[in-house]
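As a plain string of letters, each chain reads:
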Amino acid sequence: MSSLLQMNSITKSYGSKFALNDVSLEIGPGKIVGLLGSNGSGKSTLMKMVTGLLQPTRGTLTVTGLPVGLKSKALVSFMPDRPLTESWMKVRDAITFFQEFYDDFDIVKAREMLQFMKLNESDRVSVLSKGMSERLQLTLALSRDARLYLLDEPIGGVDPVARGKILDAIVEYYNEDSSIIISTHLVRDIERIFDEVVFIREGEIVMHEEVENIRIKYGKSVDDMFKEVYAE
Amino acid sequence: MPIVSIEFDNNMPIYLQIMNYIKRQIVTGTLKPGDKILSVRELAAELQINPNTIQRTFQELEREEIVETRRGLGRYVTSEESKIMAIKKEMAGALLDQFIIGMQELGFADQDIVSIVAEAVTESPEPGQERGVNHT
């Protein structure tokens, strides 16, 4: 199997407004991919479509060759930009909740990650700081044994220390057969963990390139390239 | 393998920067011939770098025969002194090029450059002492 994710001419429109316009994208296995774009560029829409939470208006989309549906959903782990946990939960409850919900949830890995993230099982989810909350969401998403992980803004609004810890965890805990797509607009802090980046602007993909190629070909950092592409 | 922090320049290919970093550790003796080096995972986590980039670094170092893989055991720094000498020469060459170009830009003729260097070497208080090299 060559491609993990295949999108062919995907369009999503709301009335006359396009959230995604004729987007084609192929992601292979074993990659960490940055999905980069400013707010409202279509990053979250794209991710929600891969998870099956949104239906495309036109176009086809497959995960490991399977059309989006029950089978593909079992292969995709999604960390949304808003927490999936309920405020009454303790960290322990959130783990149990995921364990019961997903067959592929690896409880051993989850406990190991909690320790790595310095999270206490007895802490209440509602009192966690923004950074700790992101760490928990990431633990939940990465503890599933999925083929494709979608992380929507995992480092948005967290301080540099938490950011470092989150990047550590991504590098440390992802498995090489799967791929991770990470959406962000904070390029500089995270560009060194990417294999490839996809630039999305106003619902269209304007660039899809290996990061080392950007540096070799243009002598530029991904961050500089990003600023150039999005300059107004 | 001891870890020294490394300042990356995101404008240059990361795999080349890590190659140079490891080569530097070898020539300065931080990494000794025959030493085991970190695994892809360990180094990726330590430097917060994409594991495939580290993989590429190691492949290139293997191609240059600076690092060798022993099946099932991991990667080791070559024990061949000649390879290590070759790295030293390569690094010295890069330093020299940079220096000579800089001097030529200042308007010094070849003959002058040679005598300036000769003078500087005799004046140098402690031979072998490492000097800061300006990369900018």
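Computed from a prediction, not measured in an experiment: that's the story for all the values here.

**Details of the interface of chain B and chain A**
Here is step 1 of the chain: Counting residues at the interface gives 17 residues for chain B, matched by 24 residues for chain A.
Here is step 2 of the chain: Taking both partners together, chain B and chain A bury about 1700 Å²; carbon and sulfur atoms supply 42% of that area.
Here is step 3 of the chain: Per-residue buried area on chain B facing chain A is highest for Asn10(B), Arg41(B) and Gln48(B); these three make up 37% of the total on that side.
Here is step 4 of the chain: Along the contact surface separating chain B from chain A lie one salt bridge.
Here is step 5 of the chain: Between Glu176(A) and Arg41(B) there is a salt bridge; the shortest N-O distance is 3.3 Å.
Here is step 6 of the chain: Taken together, chain B and chain A are joined by 17 residue pairs in polar contact (both at pLDDT 80 or more).
Here is step 7 of the chain: Among the secondary structure elements, those contributing two or more residues to the side of chain B that touches chain A are α1 (14–27), α2 (40–47) and α3 (51–63) of chain B.
Here is step 8 of the chain: Ranked by residues supplied to the side of chain B that touches chain A, first place goes to α3(B) with four residues.
Here is step 9 of the chain: Considering only residue class, the side of chain B that touches chain A consists of nine nonpolar, six polar and two charged.

**Thoughts on the packing of aromatic side chains**
Here is step 1 of the chain: In the structure shown here, the tally under the stated rule is nine aromatic pairs over all chains.
Here is step 2 of the chain: With a centroid separation of 6.0 Å and an interplanar angle of 55°, the aromatic rings of Phe98(A) and Phe105(A) are classed as tilted.
Here is step 3 of the chain: Judged by its relative accessible area of 6%, Phe98(A) is buried.
Here is step 4 of the chain: Each ring, one from Phe226(A) and one from Tyr230(A), has its centre 4.5 Å from the other, and the planes form 45°; the classification is tilted.
Here is step 5 of the chain: Judged by its relative accessible area of 10%, Phe226(A) is buried.
Here is step 6 of the chain: According to the relative accessible area criterion, Tyr230(A) is buried, its value standing at 13%.
Here is step 7 of the chain: Ring-pair connections join several aromatic residues into one group, and the members of that group are Phe97(A), Phe98(A), Phe101(A), Tyr102(A) and Phe105(A).
Here is step 8 of the chain: Stacked on the ring of Tyr15(B), the Lys or Arg Arg56(B) has its end atom at 4.0 Å from the ring centre.

**Some remarks on the domain arrangement of chain B**
All names here are of chain B.
Here is step 1 of the chain: Segmentation of chain B into domains returns domain 1 (14–79) and domain 2 (82–135).
Here is step 2 of the chain: Distance from the C-alpha centre of domain 1 to the C-alpha centre of domain 2: 27 Å.
Here is step 3 of the chain: Listed per partner, the contact involves 10 residues of domain 1 and seven residues of domain 2.
Here is step 4 of the chain: With both chains or domains summed, domain 1 and domain 2 bury close to 850 Å², and 72% of this area falls on carbon and sulfur atoms.
Here is step 5 of the chain: When the buried area of domain 1 at its contact with domain 2 is split by residue, Lys23, Arg24 and Val27 rank highest and sum to 48% of it.
Here is step 6 of the chain: Our count for the domain 1 to domain 2 interface comes out at two salt bridges.
Here is step 7 of the chain: Glu65 is the salt-bridge partner of Lys83, the closest N and O atoms lying 3.2 Å from each other.

**Description of the pattern of salt bridges**
All names here are of chain A.
Here is step 1 of the chain: Inspection of every chain in the model, using the stated rule, returns 17 salt bridges over all chains.
Here is step 2 of the chain: Between Arg144 and Asp104 there is a salt bridge; the shortest N-O distance is 2.9 Å. Residue Arg144 is found in the loop between α5 (130–142) and β7 (148–152), and its partner Asp104 is found in the loop between α3 (91–101) and α4 (107–116); the two are separated by 40 residues along the sequence. As far as the burial class goes, Arg144 and Asp104 line up, both buried.
Here is step 3 of the chain: Glu212 serves as the salt-bridge partner of Arg215, at 2.7 Å between the closest nitrogen and oxygen. Residue Arg215 and its partner Glu212 are located together in helix α7 (residues 211–218), separated by three residues, close to a single helical turn. Grouping residues by exposure puts Arg215 and Glu212 together as buried.
Here is step 4 of the chain: What you see here is one network of salt bridges that share partners, running through Glu191, Glu212 and Arg215.

**Details of unusual backbone geometry**
Residues and elements named next belong to chain A.
Here is step 1 of the chain: With a phi angle near 60°, Lys118 is a residue other than glycine that sits in the positive phi range.
Here is step 2 of the chain: By the secondary structure assignment, Lys118 is in the loop between α4 and α5.
Here is step 3 of the chain: Take Lys118: its relative accessible area is 58%, and that puts it in the exposed class.

Calculation criteria
- Residues numbered from 1 in each chain as written.
- Chains lettered and ligands numbered in written order.
- Predicted model: local features only at pLDDT ≥ 70, side-chain atom pairs only at ≥ 80, totals over all residues.
- Heavy atoms only, no water.
- Contact = heavy atoms within 4.5 Å.
- Buried area = accessible area lost by both parts, 1.4 Å probe.
- Salt bridge = Lys/Arg side-chain N within 4 Å of Asp/Glu carboxyl O.
- Polar contact = N/O pair within 3.5 Å; in protein donor to acceptor, adjacent residues only side chain to side chain.
- Helix = DSSP H or I, 4+ residues; strand = E, 2+ residues; numbered from the N terminus.
- Nonpolar A, V, L, I, M, F, W, Y, C, P; charged D, E, K, R; others polar.
- Phe/Tyr/Trp six-rings, centres within 6.5 Å; stacked < 30°, edge-to-face > 60°.
- Buried < 20%, exposed > 50% of the residue type's maximum accessible area, 1.4 Å probe, protein only.
- Lys NZ or Arg CZ within 6 Å of the ring centre and 35° of its normal.
- Domains from an automatic or database assignment.

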